[in-house]
Amino acid sequence: KKVWLIENHIGAEQLLRHQLEHMQAEVMSFGTEAEALAGLQPESPPELLVIDYHLGQTEGRSLLSKIRAQGATRWTNIPVVMLQDATDDLSITSED
């Protein structure tokens, strides 16, 4: 599987890359929004996006919107794992 890993913390990126490669994934890593957008190839989407919620000044949700907007229709249905650490201040709601 082709996986895009977008994570700005080196230690987290290395750990996640190791785990994904152990599962036989082909991993493309990006540390910033600019790197991810520059690497965008609309004709060759990954099978999974793993995105850090906070990429410095960028929020992962915003980056995901930009990726999907620039990546054409092939990028709209790619599964996404959004990562957050314990210091992220998010309100998470659940519907039963």
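This one's a predicted model, so the numbers in the text were calculated from it and none came from an experiment. (Residues numbered from 1 in each chain as written. Predicted model: local features only at pLDDT ≥ 70, side-chain atom pairs only at ≥ 80, totals over all residues. Heavy atoms only, no water.)

A. How the structure looks around the packing of aromatic side chains. Per the stated rule, a full pass over the model turns up 2 aromatic pairs. Ring centres of Trp4 and Phe30 lie 4.6 Å apart, and the angle between their planes is 50°; on these two criteria the pair is classed as tilted. Linking Trp4 in strand E1 (residues 2–6) with Phe30 in strand E2 (residues 26–30), this pair joins segments that are 26 residues apart in sequence. Between the aromatic rings of Trp4 and Trp75, the centroid separation amounts to 5.1 Å while the plane-to-plane angle is 70°, which identifies the pairing as edge-to-face. Of this pair, Trp4 sits in strand E1 while Trp75 sits in the loop between helix H3 (60–70) and strand E6 (80–83); the two residues are 71 residues apart in sequence, bridging distant segments of the chain. The class for Trp75 is buried, based on a relative accessible area of 0%. Here the aromatic residues Trp4, Phe30 and Trp75 are joined through ring pairs into a cluster of three or more. (Phe/Tyr/Trp six-rings, centres within 6.5 Å; stacked < 30°, edge-to-face > 60°. Helix = DSSP H or I, 4+ residues; strand = E, 2+ residues; numbered from the N terminus. Buried < 20%, exposed > 50% of the residue type's maximum accessible area, 1.4 Å probe, protein only.)

B. Expanded view of the environment of Thr73. Considering the arrangement of structural elements, one finds Thr73 in the loop between H3 and E6. Residues Thr73 and Glu43, 30 residues apart in the sequence, show an inter-C-alpha distance of 9.6 Å.

C. View of unusual backbone geometry. Residues other than glycine seldom take positive phi values, yet Gln24 does so here, at roughly 70°. Inspection of the secondary structure puts Gln24 in the loop between helix H1 (10–22) and E2.

D. Looking closely at the environment of Thr76. Note on placement: Thr76 falls in the loop between H3 and E6. Measuring from C-alpha to C-alpha, the distance between Thr76 and Pro45 comes to 9.8 Å, with 31 residues separating the pair along the chain.

E. Expanded view of H1. Helix length check: H1 (13 residues) gives 18 Å between terminal C-alpha atoms against 18 Å at 1.5 Å per residue, within 8%. Just downstream of H1 lies Gln24, where phi reads positive at about 70°. (Expected span 1.5 Å × (residues − 1).)

F. Structural context of the pattern of salt bridges. Across all of its chains, the model carries 4 salt bridges by this definition. The closest approach of N and O atoms between Glu33 and Lys66, which form a salt bridge, is 2.6 Å. With Glu33 in helix H2 (residues 33–38) and Lys66 in helix H3, the pair connects residues that are 33 residues apart, well separated along the chain. On the basis of relative accessibility, which here comes to 33%, the residue Lys66 falls in the partly exposed class. Arg61 is paired through a salt bridge with Glu59; the nearest N and O atoms lie 3.1 Å apart. Residues joined by salt bridges that share partners form a network here, namely Glu13, Arg17 and Glu21. (Salt bridge = Lys/Arg side-chain N within 4 Å of Asp/Glu carboxyl O.)

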